[in-house]
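Here is how the chains run, residue by residue.
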Number of protein chains: 2
Amino acid sequence: MSRKELWANLQKHDAELSKTHLRDLLADKERNKHLIFEHDNIVLDLTHEKITDQTLNLLEEVAVKSGVYEGVKKMFSGEKINTTEGRAVLHVALRAQKGEKIVTDGKNVVEEVHETLHRIENFSNQIRSGHLKGKTGRTLKNVVVIGIGGSYLSIEFVYEALRSHPEAVARAQDRKLRFLANVDPIDFSRATEGLCVEETLFIINSKTFTTAETMLNARTCRNWLIEQYKLKGVVCKNEDEIKDLVNHHMCAASTNLTDTSKFGISAEKVFGFWDWVGGRYSVWSAVGILPLSIQFGYDYMDRFLKGAHNIDTHLAKATSIKGNLPLLLALVGFYNTSIKNLNARAILPYCQALCKFVPHVQQLDMESNGKRVNLAGQTLDYECTVVNFGEPGTNGQHSFYQLLHQGRIVPCEFIGFCRSQRPVVLAGEPVTSHEELMSNFFSQPDALACGKTIEELKAEKVPENLQNHKYFPGDRPSLSLLFTELNPYTAGQLLALYEHRTAIEGFLWDINSFDQWGVELGKVLAKQVRTFFQNHQDKSTADFSGTKFNSATEALLSKFVQHK
Amino acid sequence: MSRKELWANLQKHDAELSKTHLRDLLADKERNKHLIFEHDNIVLDLTHEKITDQTLNLLEEVAVKSGVYEGVKKMFSGEKINTTEGRAVLHVALRAQKGEKIVTDGKNVVEEVHETLHRIENFSNQIRSGHLKGKTGRTLKNVVVIGIGGSYLSIEFVYEALRSHPEAVARAQDRKLRFLANVDPIDFSRATEGLCVEETLFIINSKTFTTAETMLNARTCRNWLIEQYKLKGVVCKNEDEIKDLVNHHMCAASTNLTDTSKFGISAEKVFGFWDWVGGRYSVWSAVGILPLSIQFGYDYMDRFLKGAHNIDTHLAKATSIKGNLPLLLALVGFYNTSIKNLNARAILPYCQALCKFVPHVQQLDMESNGKRVNLAGQTLDYECTVVNFGEPGTNGQHSFYQLLHQGRIVPCEFIGFCRSQRPVVLAGEPVTSHEELMSNFFSQPDALACGKTIEELKAEKVPENLQNHKYFPGDRPSLSLLFTELNPYTAGQLLALYEHRTAIEGFLWDINSFDQWGVELGKVLAKQVRTFFQNHQDKSTADFSGTKFNSATEALLSKFVQHK
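About the criteria used
- Residues numbered from 1 in each chain as written.
- Chains lettered and ligands numbered in written order.
- Predicted model: local features only at pLDDT ≥ 70, side-chain atom pairs only at ≥ 80, totals over all residues.
- Heavy atoms only, no water.
- Helix = DSSP H or I, 4+ residues; strand = E, 2+ residues; numbered from the N terminus.
- Rg over C-alpha atoms; globule rule 2.2 N^0.38 Å.
- Buried < 20%, exposed > 50% of the residue type's maximum accessible area, 1.4 Å probe, protein only.
- Contact = heavy atoms within 4.5 Å.
- Areas by Shrake-Rupley, 256 points an atom, 1.4 Å probe, with all protein chains shown as cover.
- Lys, Arg positive; Asp, Glu negative; His and termini not counted.
- Charge placed at Lys NZ, Arg CZ, Asp CG, Glu CD.
- Buried area = accessible area lost by both parts, 1.4 Å probe.
- Polar contact = N/O pair within 3.5 Å; in protein donor to acceptor, adjacent residues only side chain to side chain.
- Nonpolar A, V, L, I, M, F, W, Y, C, P; charged D, E, K, R; others polar.
- Pairing = 2+ DSSP bridges.
- Axes fitted to C-alpha atoms, helices over the stretch in contact; angles between N-to-C directions.
- Expected span 1.5 Å × (residues − 1).
- Least-squares fit on C-alpha atoms with pLDDT ≥ 70 in both.
- Domains from an automatic or database assignment.
- Right-handed = clockwise from strand over helix to strand, strands pointing away.

In terms of helices and strands, chain A carries 25 helices and 13 strands. Here chain A has a C-alpha radius of gyration of 26 Å; the compact-globule value for 564 residues is 24 Å, and the two agree. Dimensions along the principal axes, computed over C-alpha positions, put chain A at roughly 80 × 60 × 60 Å. A total of 564 residues make up chain A; the buried ones form 66% of that total. A fraction of 74% describes how many contacts in chain A between residues 6 or more apart in sequence connect residues 24 or more apart. Carbon and sulfur atoms provide 48% of the accessible area of chain A, an area that totals close to 19,100 Å². Distance from the positive charge centre (65 side chains) to the negative charge centre (67 side chains) of chain A: 4 Å.

Have a look at this one:
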């Protein structure tokens, strides 16, 4: 049976259900009871989705027939489900607990994971305690992480999520953690601005140690090290002295020990990972855990791993979508995308500390599931995932929410917390600042779902010519995730939930969510532009002899060469 | 003639043109020549859109018949085109040059604008020079802008765009500019972290001085002032002393002189604006120019106003879409949205300094044009604007570009610069870091448009089972904007281009782009949640007597009260 045939019952069901306004669905207490789920103090509220318990039954059927449970099982057991690259997909092994066993290619990878974690623990403790110092004996208080994509977005998300958490504040003391991702030299200038070279450690995150942006930035930072030290009177007289300097101030998360060594980094400062760790899952490996452990302490980040592991176990043991949060998130996402044909989703954390969650989820989801062929390579007759976007609430309310309420229909995902990391209780105010924030979190889903009728507007004596402008159609779906508080453990849970959601949606669409061939072509074409620039270092007039650009690109390149 | 009837010729044209792959359109040199436009050293390249010169002719016809030129004229001449609120839309007056004349309600507003600008110039010079000091005589080196939506996003965009510009670096010396937007107390903790109270000035941005988030944050900051001074031994003994303290450390952009005075801010520290300045255009008023002038100097920000004015004049004088950048941007945006039915657009600045451009454009565009009724209040039979999203390149390439190349079709807008604000030339590298960045800027549009065929993959000996995975369909539209460099003048041009694009698209869709009724309902519903919280300050069990929540919201509120 084709996927679309598999979805036929759901399509019929939706055609019927669409006739009932969400406002009316929400009035049904019995229905609502079946759509609120809880796991380990996380509440997933699906009452504001355009579904009923019966929808979940039909989705369960689709999940079973699409092989979702087998997919999950294969992933957890180390099967090579990334078929186009011949790799296992084992980020869950990165957060497996000591003593657990996950075997791939005949090896229990959990042992290797914990060996590396142990090395990260030691190394980060040594940096934090000042035991490992910079070239001139100063404590390494600043860390700049050089990496792009998964080697950047995920770490920045976690750093932002935790840096205002009181325990994290105490642990970070006067440490700085910064990121250098973009090859744009403006990013380099911002990442290194005001840093004392003697107190700065660079971490180069690149599995292959060949990522173009990361390696150019790494070389730029190595040069900065040498030049900054020179300004302080410490001059490197030969290659060995450069390597010694580099080895004091640079380390790496990479599997390419040959190239890291050539670069000047000794083996004990290189932290490996495995080909079954995809870039967008690498925060759980040395790529993320190393810099975050230096900033906050390894034992603090261990709770982050434990939070994810909690969700892993929750999913691995699932026998039904009901009550299983990642399965429910995925099935409802799939329903909105493939059955209701909605083409975007807004992720709206009511928490400023989650300001970098959405950019990471964009990568996680759109790189994983922005695909056009199934596992067998056949062109799909349906579209897969949607544009994921969002900003923290309430900021977004003063920005794009106008469209969410009165423009296109975009399913929304509200994320909130019962307690604030940094509560403010101001004398004379009716509620705390966090409650003021959460007043909005609780009201937006109702505003989207119920809307406001012309009758209500008339009752409020709104002038007739304004009634249609002030009318809210409602009937707009959303879901809410409510956590108790944002800490390393719940940050781990949140991220694991979204990771699994994406993977499960991929199983439903019968695609490989773990490759990313679509990013290759741009890189290849950039090479010929680079060569063209190389041939124009001292020219202000473009010469296209021997090149293969179309006339449009030639015209634009000419302008560039003229003004550069 | 209905709008849809007006678009019939374009629909037919598109149906025909869709049959030709963009790869083939791009091979036509004659076509390409007609699709590259230039104004004041800005190049707009439309060759990679799925259009020809004939498309532009048909779009011109639609522009004329939709009253676009009249719309522009009405806007510039101060007519009350924001009909639902009975207001003129005159942000162009904020950047009009001294001596120009724009009359609305019988007044030449340009005079008033320049009076206020003159006050901003004086005040910011006095702060910068240390003539106006804090309570204890210290120079006010830190500015925290309190505002949300348009009173935040636009200013942060400009600040980020300019803060690495060498001249701006020199002008900012050791000044700090920060933003407090979110009512989430985490944002307050971050905005004030590490600031010396004696050197800190708060600017409260709220036209009515009633915006809920902004006023709670303003009260929180006033309390912080008092408490921080107390810690330093400066204790306010009565209301007058508090007002004196506040008046030293707080000023406002607002029109509500009564409430600013009650708050403790004297009239000479309140900078007014006008009801014809929409929130999303307020960066050009005191809301933006005041903090940015304190940070970088008024004369520097004057260039920002001049850049926008350049685009205003360019648009005001337009007699044809051809060669007019805002008209072309709008018409092509409209074509992709309403004729090709694409439902998102990715805005991709190849410049790290534009990291906050997209969040601002999201507001500008989605709040303006996320509408469902026309000016007359009739429900539209078409959808208006799309989801705007994006991240700076090359970062985005390692994130969501997979979807852009092999997933859904999303028109892309590439923004690049010939010269970097902070060039890096590293010895031994084939090209500069900025050229490395721009290699990608120039190659992505070709990758999207031309794709990669199965024949090419076969020629590269890609194994048959991988060919479909590595196949790029191409035929994906994009446009490119190339500027010489990013400075206050071009930042002003860029923003004005996007502002006018949005307004013109609104004229095409026959909607009011200048109101935002859709943000009201959520605020109203938040009130009842606030009251509920107020009644539960010391309770951990929810009591819903007298409330009107549905059972779903009750369930979630119960959890919150239990765990708060």
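Now, onward.
Moving on, we come to the interface of chain A and chain B. Each side of the interface is counted separately: chain A has 144 residues, and chain B has 144 residues. Taken together, both faces of the contact between chain A and chain B bury some 12,700 Å²; the carbon and sulfur share is 61%. Three residues stand out in chain A for area buried against chain B, namely A:Arg190, A:His398 and A:Arg408, and they jointly supply 6% of the buried area on that side. Taken together, chain A and chain B are joined by 57 residue pairs in polar contact (both at pLDDT 80 or more). No other element matches the 14 residues that helix H20 (residues 433-450) of chain A contributes to the side of chain A that touches chain B. Among the residues forming the side of chain A that touches chain B, the class breakdown is 59 nonpolar, 55 polar and 30 charged.

What follows concerns the sheet that holds strand E13 (residues 478-483) of chain B. Residue and element names in this part refer to chain B. Reading across the sheet, the 6 strands line up as E1-E2-E13-E12-E10-E11 and stay open at both edges, with mixed pairing between neighbours. Edge positions in the open sheet fall to strand E1 (36-39) and strand E11 (387-389), since each of these has one partner strand only. Averaged over all pairs of adjacent strands, the angle between their axes in this sheet comes to 15°, without regard to strand direction.

The subject of this paragraph is helix H12 (residues 212-231) of chain B. Residues and elements named next belong to chain B. For H12, spanning 20 residues, the distance from its first C-alpha to its last is 29 Å, which sits close to the expected 28 Å at 1.5 Å a residue. Burial in H12 covers these residues: Glu213, Thr214, Met215, Leu216, Asn217, Ala218, Thr220, Cys221, Trp224, Leu225, Ile226 and Tyr229. Just downstream of H12, Gly233 is the residue with a positive phi angle, here 90°.

The subject of this paragraph is the relation of the copies chain A and chain B. When chain A is fitted to chain B, the residual RMSD is 0.0 Å, and the transformation amounts to a turn of 180° plus an axial shift of 0.0 Å. With respect to symmetry, the two chain copies, as superposed, fit the operation of a two-fold axis. In terms of C-alpha distance to the rotation axis, chain A has A:Phe389 as its closest residue, with the C-alpha 3.3 Å off the axis. Of all interface residues in chain A, 100% are interface residues in chain B too; the two copies therefore contact each other through one and the same surface.

Quick look at the domain arrangement of chain A now. Segmentation of chain A into domains returns domain 1 (23-65 + 318-424 + 432-509), domain 2 (91-302) and domain 3 (517-563). Here domain 1 of chain A and domain 3 of chain A have C-alpha centroids that lie 43 Å from each other.

Residues and elements named next belong to chain B. Here we have 5 strands laid out as an open sheet, ordered E6-E5-E7-E8-E9, and parallel in their pairing. Looking at the sheet topology across the chains shown, the edges are occupied by strand E6 (176-180) and strand E9 (270-271). Where strand E5 (residues 142-146) lies against strand E7 (residues 200-205), 5 bridges are found, and the strand directions are parallel. Across the sheet, Val144 pairs through a bridge with Phe202, a residue of E7. Its contacts with the sheet place helix H9 (residues 153-162) against E5, E6 and E7, and it is angled at close to 150° to E6. Lying over the sheet, helix H13 (residues 239-249) contacts E7 and strand E8 (250-253), oriented at roughly 65° with respect to E8.

As a further point, take the pairing of strand E8 (residues 250-253) of chain A. Residues and elements named next belong to chain A. Of the two faces of E8, the one carrying Met250 and Ala252 and the one carrying Cys251 and Ala253 are both buried. Bridging between strand E7 (residues 200-205) and E8 involves 4 bridges; their strand directions are parallel. Across the sheet, residue Ile204 finds its bridge partner in E8, namely Ala252. Where E8 and strand E9 (residues 270-271) come together, 2 bridges link them in parallel fashion. Each bridged residue has a counterpart across the sheet, and for Ala252 the counterpart in E9 is Val270. This β-α-β element, E8 to helix H14 (residues 257-263) to E9, shows right-handed connectivity.

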